[in-house]
Amino acid sequence: MPSLSHRPAHTAADTNRRGPLATPAEVAEYLGVPVKTLYQWKYRGIGPNVHKVGRHLRYRWAEVDAWLNAQAAYDLAV
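Residues numbered from 1 in each chain as written. Predicted model: local features only at pLDDT ≥ 70, side-chain atom pairs only at ≥ 80, totals over all residues. Heavy atoms only, no water.

Participant: Describe in detail the confidence of the model for the protein, supporting the description with residues and values.
Facilitator: Close reading of the predicted structure is inappropriate where its pLDDT is low. Across the protein, the average pLDDT comes to 82, with 69% of residues at or above 70. Predicted confidence for residues 1-8 stays below pLDDT 50, and this span has five contacts to residues more than four positions away or in other chains. (pLDDT = per-residue confidence, 0-100. Contact = heavy atoms within 4.5 Å.)

Participant: Describe in detail the pattern of salt bridges, supporting the description with residues and values.
Facilitator: Tallied over the entire structure, the rule returns one salt bridge. The residue Glu63 makes a salt bridge to Arg60 at a minimum N-O spacing of 3.5 Å. Residue class for Glu63 comes out partly exposed when judged on its relative accessible area of 22%. (Salt bridge = Lys/Arg side-chain N within 4 Å of Asp/Glu carboxyl O. Buried < 20%, exposed > 50% of the residue type's maximum accessible area, 1.4 Å probe, protein only.)

Laid out in structure tokens, this is it:
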């Protein structure tokens, strides 16, 4: 599937370093937002797709990147 982003696709080295699943703390650090924001986004249904693994929340890196790429960029030149 072609990449829809200007960001480089993750390599096998990235996946091996980060693993296929991310904790909320890892995703929050990656996105530069507080963990509480991720929980609010989950509640409102507006954030990256999240999965329950037992009683834990986990994110797939590919889905986090896809969600991030789908976010509209603001046109600051208006």
